[in-house]
Amino acid sequence: MFEHENSIQLPDGRALSYSEHGDEAGVPVVLLHGAPGDRRFWQQLPGFPFLEGLRLITPDRPGYGLSDFKPGMSYVDWPDDVSNMADALGVDSFALVGVSGGGPGALACAWKIPERINAVAVVSTPGPPEPEILDAVSSTNRRAYLLARRAPWLMRANMKLLAWLQRRDVDRFVSMMGRKLSDVDQAALRQPAVRRALATAMSEDAVTRRAAGYAQDVINQSRPWPFDLSEINAPVSVWQPEDDTSAPPAVGRFLERALPDCTVHVVPRAGHLWHIEHMTTVLRELLDGTTGAEAPHD
């Protein structure tokens, strides 16, 4: 299996780190981790690298892992980083998957660099701060969005504290976080593979001491999105777990109405962590829709 890890220098001088796995001559797929997370998260998922014939490209989003943070970075800045990375890798076009906090950035790429995007899948993505979505998210997330919108400096301090707690005892933090999740997700956390993946996403290597990327994700999620979903022409697959309290079914319903070419997959008896054990399903459906032919086998 092809494996490669490197970083590029972006035009503004920042470093963008990434890993590659699978088949160097395969179908390029860019995978965007959640909040928190980093490029190593994907390697902890069952079945990785999921399917034969794929070239998986897994960047550290800005402020995570080894990628430098850009102060004030919004969703519409991120596609420029992705495009620069693709140029450096000699990749003209690719499919794109964003999970959890990586979902809005995936949709922003489809909006800003449509000539490079073959298809998009978002899994348990947060949605824009529309009333119907804010009314449906967990009370914890709703309070976080309110704080981020009214006092972003305080949110940065709060996320810095959370990052410190994660680094101090990541297993204890995962257990504490689990108590706020749905019953389905609490059951998933009892699976060693799921727990290991979350521990990797919250490790010291993933979350920098300033937790700048972590905080900016929450701040951006609390604000109106700076791009128009109705202008996205790429086919978008939305995977919406039925019992997701962080990104509730209201998100899937909203995106189905807002996106011109959208397929929503409602996953029964599943929660926010569903993607950890089911990335093969997401990728197979994404590539079947992109090529019109059978996806590579696992």
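Reading guide: rules and limits
Residues numbered from 1 in each chain as written. Predicted model: local features only at pLDDT ≥ 70, side-chain atom pairs only at ≥ 80, totals over all residues. Heavy atoms only, no water. Helix = DSSP H or I, 4+ residues; strand = E, 2+ residues; numbered from the N terminus. Contact = heavy atoms within 4.5 Å. Phe/Tyr/Trp six-rings, centres within 6.5 Å; stacked < 30°, edge-to-face > 60°. Buried < 20%, exposed > 50% of the residue type's maximum accessible area, 1.4 Å probe, protein only. Patch = residues over 30% accessible without salt bridge, like charges linked within 9 Å, V, L, I, M, F, W, Y side chains within 5 Å. Areas by Shrake-Rupley, 256 points an atom, 1.4 Å probe, with all protein chains shown as cover. Salt bridge = Lys/Arg side-chain N within 4 Å of Asp/Glu carboxyl O. Lys, Arg positive; Asp, Glu negative; His and termini not counted. Charge placed at Lys NZ, Arg CZ, Asp CG, Glu CD. Axes fitted to C-alpha atoms, helices over the stretch in contact; angles between N-to-C directions. Parallel < 35°, antiparallel > 145°, perpendicular 65-115°, else oblique. Left-handed = near helix turned anticlockwise from the far one by under 90°. Nonpolar A, V, L, I, M, F, W, Y, C, P; charged D, E, K, R; others polar.

1. Overview of the environment of Glu132
At step 1: Mapped onto the secondary structure, Glu132 falls in helix α3 (residues 131–134).
At step 2: In this structure the C-alpha to C-alpha distance between Glu132 and Gly26, which are 106 residues apart in sequence, comes to 41 Å.
At step 3: Other than its neighbours up to four places away in sequence, Glu132 contacts Ala250, Phe254 and Arg257.

2. Comments concerning the packing of aromatic side chains
At step 1: This model, assessed by the stated rule, comprises 6 aromatic pairs.
At step 2: Measuring from ring centre to ring centre gives 5.3 Å for Phe41 and Trp42, while their planes differ by 75°; the resulting arrangement is edge-to-face. Trp42 matches Phe41 in its accessibility class, with the two residues each being buried.
At step 3: Ring geometry for Trp225 versus Phe227: centroids 5.5 Å apart, planes at 25°, classification stacked. Exposure class is identical for Trp225 and Phe227. Each is buried.
At step 4: Taken together, the aromatic side chains of Tyr75, Trp111, Trp225 and Phe227 make up a single cluster linked through ring pairs.

3. A word on a positive patch on the surface
At step 1: Together, Arg142, Arg143, Arg168, Arg172, Arg179 and Lys180 make up a positively charged patch on the protein surface.
At step 2: Locating Arg172 in the fold gives a position in helix α6 (residues 170–178).
At step 3: Given the relative accessible area of 63%, Arg172 is considered exposed.

4. Some thoughts on the packing of helix α5 (residues 152–168) against helix α9 (residues 212–221)
At step 1: Orientation of α5 relative to α9, taken along the N-to-C sense of each, is 135°, at an axis distance of 8 Å. By the angle between their axes, α5 is oblique relative to α9. The chirality of how α5 crosses α9 is right-handed. Within the contact between the two elements, α5 uses Pro152, Met155, Arg156, Met159 and Gln166 and α9 uses Tyr214, Ala215, Gln216, Val218 and Ile219.
At step 2: Considering only residue class, the contact of α5 with α9 consists of 7 nonpolar, 2 polar and 1 charged.

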